[in-house]
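# Descriptive analysis of the structure
As a plain string of letters, each chain reads:
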Amino acid sequence: MSAFRASYRWLVVWLLFYGVALPYALPTFLDWLNQPSDQWLTYGVLGLLAVATGVALSLYQAGRALIRRFQPPSSTPPKLDSHERPTPRH
């Protein structure tokens, strides 16, 4: 169940990123790139790098989720944690 909670949290994070932060930040960073000051140019480049990193991370997570969803189940048994013991077979 915790995997579902984590995926819903990431869904909320990415909805906020794409729905709120990106529409505000992208025009701001592009405007900073057009400023004559080198300082504003640096801020614009760093901002665009942050946006590109966020987009790349979201695409990576989406790709991994799709692969996990459509990958056939493996025939190997699940790995046990160190505190778990396998149940004996009779």
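What you see is a predicted model, and the numbers here were worked out from it, not measured in a lab. (Residues numbered from 1 in each chain as written. Predicted model: local features only at pLDDT ≥ 70, side-chain atom pairs only at ≥ 80, totals over all residues. Heavy atoms only, no water.)

## Regarding the overall build of the protein
Put simply, the rule reads: The helix count covers DSSP runs of H or I at least four residues long, the strand count covers runs of E at least two residues long, and both are numbered beginning at the N terminus. For each residue, the accessible area found with a 1.4 Å probe, counting protein chains only, is set against the maximum for its type, and the residue is called buried under 20%, exposed over 50%, and partly exposed in between.
Helix and strand counts for the protein come out as two helices and zero strands. Going through the 90 residues of the protein one by one, you find that 11% of them count as buried.

## Let's talk about a nonpolar patch on the surface
Test applied: In this scheme, patches are assembled from residues that exceed 30% relative accessible area and form no salt bridge. Like charges are connected within 9 Å, while nonpolar side chains (Val, Leu, Ile, Met, Phe, Trp, Tyr) are connected within 5 Å. Residue-level accessible areas treat just the shown protein chains as cover; the underlying method is Shrake-Rupley with a 1.4 Å probe. Here, a salt bridge means any Lys or Arg side-chain nitrogen found within 4 Å of an Asp or Glu carboxyl oxygen.
A cluster of nonpolar side chains, Trp-10, Val-13, Leu-57 and Tyr-60, forms an exposed patch at the surface whose accessible area comes to about 390 Å². Listing elements by their share of the nonpolar patch, those giving two or more residues are helix H1 (2–33) and helix H2 (38–70). Inspection of the secondary structure assignment puts Val-13 in helix H1. Assessed through its relative accessible area of 40%, Val-13 is described here as partly exposed.

## Description of the packing of aromatic side chains
Selection rule: Whether two aromatic rings pair depends on their centres lying within 6.5 Å, for rings of Phe, Tyr and Trp, where Trp uses its six-membered ring; planes under 30 degrees apart make the pair stacked, over 60 edge-to-face, and the rest tilted.
By the definition in use, this model includes seven aromatic pairs. Relative to Tyr-18, the ring of Phe-17 lies with its centre 5.1 Å away and its plane at 80 degrees, an arrangement referred to as edge-to-face. Look at Phe-29 and Trp-32: their rings are 5.4 Å apart centre to centre, the planes differ by 55 degrees, and that puts the pair in the tilted class. On the criterion of helical spacing, the pair formed by Phe-29 and Trp-32 is a turn pair, its members being three residues apart in helix H1. A relative accessible area of 15% places Phe-29 in the buried class. In this structure Trp-32 comes out as partly exposed when scored by relative accessible area, which is 25%. The structure contains a cluster of three or more aromatic residues connected by ring pairs, namely Trp-10, Trp-14, Phe-17 and Tyr-18.

## Describing the nonpolar core
How we decide: What makes a nonpolar core is a set of buried Ala, Val, Leu, Ile, Met, Phe, Trp, Tyr and Cys residues whose side-chain atoms join them at distances within 4.5 Å.
Membership of the largest hydrophobic core is limited to six residues, which are Trp-14, Phe-17, Leu-22, Ala-25, Phe-29 and Val-51. For this core, the element with the most residues is H1, which contributes five residues.

## Observations regarding H2
Our working rule: The length a helix should cover is 1.5 Å for every residue beyond the first. Contacts described as polar in this section are N or O atom pairs within 3.5 Å, which, within protein, must combine one atom able to donate a hydrogen with one able to accept it, while residues neighboring in sequence count only if both atoms come from side chains.
Taking 1.5 Å of rise per residue, 33 residues should cover 48 Å, and H2 covers 48 Å from first to last C-alpha, within 8% of that figure. Where H2 is concerned, the buried positions are Gly-44, Gly-47, Val-51, Gly-54 and Ser-58. A side-chain oxygen of the first residue of H2 lies 3.1 Å from the backbone nitrogen of Gln-39; this N-cap is Ser-37.

## Some details on the side chain of Ser-58
Our working definition: Residue contacts are counted whenever heavy atoms from the two residues lie within 4.5 Å of one another.
Relative to the helices and strands, Ser-58 is located in helix H2. Classification of Ser-58 by relative accessible area gives buried; the value is 8%. Once residues within four sequence positions are removed from consideration, Ser-58 is found in contact with Trp-14 and Tyr-18.

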